[in-house]
Amino acid sequence: MLTLQHLYIIEKITSEGSVTKAAEKLNLTQSALSHQIRDLEAASGVKLFNRIGKKLVLNEAGQRVVSSSQKVLPVIRELEAELKEMREGKKQTIRISTECYTCYHWLPRLLIDFHEEYPGTDIQIIAEATRRPMEYLEAGKLELALVNGTNSNSSLHFEPLFEDRMVALLSDKHPLASRNTPLEFSDIHSETLVAFQISSASNLLSPDLVSQLSPKKIIYIPMTEAIVEMVRFGMGITVMAEWAARQYLSTGGLMTLPFRSEIGTRHWYVCTHKDRSDALSGLVGRIQSALLGTENPVMA
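Residues numbered from 1 in each chain as written. Predicted model: local features only at pLDDT ≥ 70, side-chain atom pairs only at ≥ 80, totals over all residues. Heavy atoms only, no water.

1. A look at the overall build of the protein chain
Across its full length, the protein chain holds ten helices and 13 strands. Taken over C-alpha atoms, the radius of gyration comes to 31 Å for the protein chain, far larger than the 19 Å a tight globule of 300 residues would show. Along the longest, intermediate and shortest principal axes, the C-alpha atoms of the protein chain span 100 × 35 × 35 Å. In the protein chain, buried positions account for 44% of the 300 residues. Taking the intrachain contacts of the protein chain between residues at least 6 apart in sequence as the baseline, contacts between residues at least 24 apart amount to 74%. With the model as given, the accessible surface of the protein chain reaches about 16,000 Å², and the carbon-plus-sulfur share is 51%. (Helix = DSSP H or I, 4+ residues; strand = E, 2+ residues; numbered from the N terminus. Rg over C-alpha atoms; globule rule 2.2 N^0.38 Å. Buried < 20%, exposed > 50% of the residue type's maximum accessible area, 1.4 Å probe, protein only. Contact = heavy atoms within 4.5 Å. Areas by Shrake-Rupley, 256 points an atom, 1.4 Å probe, with all protein chains shown as cover.)

Next comes the structure, spelled out in structure tokens:
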């Protein structure tokens, strides 16, 4: 079988015009290069050179090899350059996802400084991984996920961020909007609850929590923004983490109300593989700086 080394050799002999000069460029002795040429011809199964005196001249088969190597070698060299940039942290794509929510309002601000330090690194949001971020990480389809739990996979690394504080998001024209005290679960019994759901097996609100709220009707929607717009127009209320709800309040027509009892509190983590690049570690650090729990552990 022909190898890349064979292609490099025949390319160098052709460009240098002699075995002697090619051997010098390849840091080989002339006898070693002659041995490589014999291996090359044995691998291809045909003679590639005509020997005219002390000179090697490509024959038809050799010219075919050169013609193909001129297509193959530039691609290989480009790949090698890309891998080198990735190895040195100069070029990389980091795929991220957030479990349960499809909102990333916190991301653009921290990317400004990140891209100044890692200009060759692209960040991609993998929305479909919202369903199963841990599976995507384990399968190598994500580099980073924000998740609300841990597992025992020894190849993954979890770093704590914050806790959820669940609140009700509702229209500022809703009858409950005038309330100045926290909600009771019973306040939801007569309401339509618009809840986040991507699949029948992936709901933001647990069955126990839904049972406690016991709404009159539940409408499941797979997009956070669509849920918010339905709530804004009085088609129901929703329950979500305060950090997820807060970004929508500035657009008007909405408000949040806390519950008297803590509901659905969850611990959030940033999860990556333990073996990670400098750029990925840099992104994790920025996420921690932006989101790590403080006196008010929410994504402001």
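2. Section: helix 5 (residues 107–117)
For helix 5, the set of buried residues is Leu107, Leu110, Leu111 and Phe114. For helix 5, the buried positions fall inside an angular range of 110° around the axis, keeping them on one side. Residues of helix 5 that are exposed and point over 90 degrees away from its buried face: Arg109, Ile112 and Glu116. (Arc of directions from axis to C-beta.)

3. What about the side chain of Thr224?
Tracing the backbone through its elements, the reader meets Thr224 in helix 8 (residues 224–232). Excluding its chain neighbours within four sequence positions, the residues that come into contact with Thr224 are Tyr101, Thr102, Cys103, Phe196, Met240 and Tyr248.

4. Some remarks on the pattern of salt bridges
Scanning the model with the defined rule gives 13 salt bridges in all. In this structure, Glu41 engages Arg51 in a salt bridge whose closest nitrogen and oxygen atoms are separated by 3.6 Å. Of the two residues, Glu41 sits in helix 3 (residues 30–44) while Arg51 sits in strand 1 (residues 49–52), which places them ten residues apart along the sequence. Between Glu242 and Arg165 there is a salt bridge, with its nearest N and O atoms 3.6 Å apart. (Salt bridge = Lys/Arg side-chain N within 4 Å of Asp/Glu carboxyl O.)

5. Thoughts on the sheet that holds strand 7 (residues 166–171)
Pairing is antiparallel in the open sheet, where three strands are placed in the order 11-7-12. The outermost strands of the open sheet, each flanked by one partner alone, are strand 11 (238–241) and strand 12 (254–258). Sheet twist, expressed as the mean angle between neighbouring strand axes with direction ignored, is 40°. As paired strands, strand 7 and strand 11 are joined by four bridges and run antiparallel to one another. (Pairing = 2+ DSSP bridges. Axes fitted to C-alpha atoms, helices over the stretch in contact; angles between N-to-C directions.)

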